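These are the residues of each chain, in order.
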Number of protein chains: 2
Amino acid sequence: MRPADVRQRVTGPTAGLAPGYTQANLIAVPTDWAYDMLLFAQRNPKPCPVLDVTDPGNPVTVLAPDADLRTDVPRYRVWREGVLTDTPIDATPYWRDDLVAFLIGCSFTFEAALVAAGVPLRHGRNVPMYVTDRECRPAGRLHGPMVVSLRMVPAAMVDTAVRVSGLMPAVHGAPVHVGDPAGLGITDLGAPDFGDPPVAADGDVPVFWACGVTPQAVLMASKPPFAITHAPGHMFVTDVPDSEYRMT
Amino acid sequence: MRPADVRQRVTGPTAGLAPGYTQANLIAVPTDWAYDMLLFAQRNPKPCPVLDVTDPGNPVTVLAPDADLRTDVPRYRVWREGVLTDTPIDATPYWRDDLVAFLIGCSFTFEAALVAAGVPLRHGRNVPMYVTDRECRPAGRLHGPMVVSLRMVPAAMVDTAVRVSGLMPAVHGAPVHVGDPAGLGITDLGAPDFGDPPVAADGDVPVFWACGVTPQAVLMASKPPFAITHAPGHMFVTDVPDSEYRMT
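Here is what the cut-offs are and how they apply
Residues numbered from 1 in each chain as written. Chains lettered and ligands numbered in written order. Predicted model: local features only at pLDDT ≥ 70, side-chain atom pairs only at ≥ 80, totals over all residues. Heavy atoms only, no water. Least-squares fit on C-alpha atoms with pLDDT ≥ 70 in both. Contact = heavy atoms within 4.5 Å. Helix = DSSP H or I, 4+ residues; strand = E, 2+ residues; numbered from the N terminus. Buried < 20%, exposed > 50% of the residue type's maximum accessible area, 1.4 Å probe, protein only. Phe/Tyr/Trp six-rings, centres within 6.5 Å; stacked < 30°, edge-to-face > 60°. Domains from an automatic or database assignment. Buried area = accessible area lost by both parts, 1.4 Å probe. Salt bridge = Lys/Arg side-chain N within 4 Å of Asp/Glu carboxyl O. Polar contact = N/O pair within 3.5 Å; in protein donor to acceptor, adjacent residues only side chain to side chain. Nonpolar A, V, L, I, M, F, W, Y, C, P; charged D, E, K, R; others polar.

**Notes on the relation of the copies chain A and chain B**
Then, in step 1: When chain A is brought onto chain B, the operation consists of a screw motion whose angular component is 180° and whose axial shift is 0.0 Å, with 0.0 Å RMSD remaining. Accordingly, the operation relating the two chain copies is best matched by a two-fold axis. Taking C-alpha positions as reference, the residue of chain A nearest the rotation axis is tyrosine 35 of chain A, located at 2.6 Å.
Then, in step 2: Comparing interface residues between copies, 100% of those in chain A also lie at the interface in chain B; the contact surface is shared.

**What to know about unusual backbone geometry**
All names here are of chain A.
Then, in step 1: Although it is not a glycine, glutamate 81 sits at a positive phi angle of roughly 50°.
Then, in step 2: Looking at the element boundaries, glutamate 81 is found in the loop between β3 (76–80) and β4 (83–86).
Then, in step 3: Despite not being glycine, histidine 172 shows a phi value in the positive range, around 90°.
Then, in step 4: Looking at the secondary structure, you find histidine 172 in the loop between α4 (158–166) and β8 (177–178).
Then, in step 5: Take histidine 172: its relative accessible area is 2%, and that puts it in the buried class.

**Here we look at the packing of aromatic side chains**
Then, in step 1: Within the structure shown, the criterion is met by four aromatic pairs over all chains.
Then, in step 2: Seen in terms of ring centroids, phenylalanine 110 of chain A and tryptophan 209 of chain A are 5.0 Å apart; in terms of plane orientation they differ by 40°. Their pairing is tilted. Of this pair, phenylalanine 110 of chain A sits in helix α3 (residues 108–116) while tryptophan 209 of chain A sits in strand β9 (residues 204–210); the two residues are 99 residues apart in sequence, bridging distant segments of the chain.
Then, in step 3: By relative accessible area, tryptophan 209 of chain A is classed as buried at 0%.
Then, in step 4: Aromatic pair tyrosine 130 of chain B and phenylalanine 208 of chain B: ring centres 6.4 Å apart, planes at 75°, arrangement edge-to-face. Here phenylalanine 208 of chain B lies in strand β9 (residues 204–210) and tyrosine 130 of chain B lies in strand β6 (residues 129–135), a separation of 78 residues in the sequence. Take tyrosine 130 of chain B and phenylalanine 208 of chain B: they sit in the same class, and that class is buried.

**Thoughts on the domain arrangement of chain A**
Residues and elements named next belong to chain A.
Then, in step 1: Taken as a whole, chain A is organised into domain 1 (3–106 + 218–245) and domain 2 (108–210).
Then, in step 2: Here the C-alpha centre of domain 2 lies 20 Å away from the C-alpha centre of domain 1.
Then, in step 3: Contact with domain 1, which involves 31 residues of that partner, is made by 29 residues of domain 2.
Then, in step 4: Surface buried jointly by domain 1 and domain 2 totals about 2700 Å² across both partners, of which 61% is contributed by carbon and sulfur atoms.
Then, in step 5: The interface formed by domain 1 and domain 2 holds one salt bridge in total.
Then, in step 6: Here arginine 141 makes a salt bridge to aspartate 36, at a shortest N to O gap of 2.8 Å.

**A look at the side chain of aspartate 68 of chain A**
Then, in step 1: With respect to the helices and strands, the residue aspartate 68 of chain A is situated in the loop between β2 (50–53) and β3.
Then, in step 2: In terms of polar contacts, aspartate 68 of chain A uses its side chain to reach the side chain of arginine 70 of chain A, at 2.8 Å.

**Section: the interface of chain A and chain B**
Then, in step 1: Facing the 20 residues of chain A at the interface are 20 residues of chain B.
Then, in step 2: Roughly 1500 Å² is buried in total at the junction of chain A and chain B, and carbon and sulfur atoms are behind 57% of that figure.
Then, in step 3: At the surface where chain A touches chain B, the tally comes to four salt bridges.
Then, in step 4: Put simply, chain A and chain B have eight residue pairs in polar contact (both at pLDDT 80 or more) between them.
Then, in step 5: It is helix α2 (residues 31–43) of chain A that contributes the most residues to the side of chain A that touches chain B, six residues altogether.
Then, in step 6: Considered class by class, the residues forming the side of chain A that touches chain B number 13 nonpolar, three polar and four charged.

This is how it looks when you write it as structure tokens:
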């Protein structure tokens, strides 16, 4: 499937779809919250690497000029005062003229590079994601914990996984933690906060990357009046090749 | 000299001072222009890689917590409606409670890495800088041309210079142009818009990097009511080691 096909047809998780094209997290907030959001992203570049910011009300991004951000994400989440109120597949009825949309890099983008380097990907339909006990650096009215994605990596490949993803800082870069989940305050790897439970082989080590679902944990903690995001794992597929965000 | 010594004693250009510590460009704008500035930086990461943004009125940055941004830049420029109105060594009389300061990466930061890789630095007191004919991507009310810094590099070392600086995207990264200055609309290399004229040896090639003076060209083009910047080449010396911004 090409990116436009995924945008128009898919309503489920997008891991592995339109291989070679960058996928992005979405968070749209009212204009009077946009500075706090952009500053939050600047202060927390590992979970929130910004790929594009739209002009107020305009549902078009340079990352896919023919796409419509109100309809072309497989599934949305609608937030009021930090509470999830709906999960539509079409956000048009909720869109507002004062919404500014942030497209944030996604770790799916470095998965092809991991595989090409010989690092097997064990997760299935959706990657496991966890809310950690690590607080982000606040910005204005926005604060909250970092969310991470998990990949189980054979011990001998951890260095390769670190090196390869580290060369892609626009899509979360190197892992934020390797090994014991307790180091991030995660008590049960089998019960992720978002996505599917992990699949591990003997000798695998848990490797955690900062995750673009972090803004959703921030919404829950900071309770802005309104926001629209993607549903975790249900990404906006852009027209930009993954290689655009690789430093080699 | 240590960073704090430079901040307290120097009133001239800072190239080569406090080696090993990151230097930064400064632009401070009123709060109601801060979103446009931050968005401009996000949309133009090569000239404007943001290292830190202060809270309104607070002249303190995490890059040097003991420093005062009102006094610790060697020389300032004060701007009104896009016109340069003063060049003080102390900005305290001009500081306002609504100013938000942006610290932007500086190419001086990769110079030590270039030298370590065998690339000679030919410029003297201050690097030559030029306003180009390349327009930045606008953001809100801010628009203007990209400014570049020039280093003359032996032809056989250009690939090394590209590779080494390319691993430091937070301080402008790889060059934006190599060779004929006309490709950037520069007609006379001997007459830079800022800094000192270039010094070249036989077989040198001009190599141009995006420059953190770009926001000053943007001030001239966009004419916000008020701003304070550093004087070109007179950088804010931080306490952060250069290695912090190196990806290797």
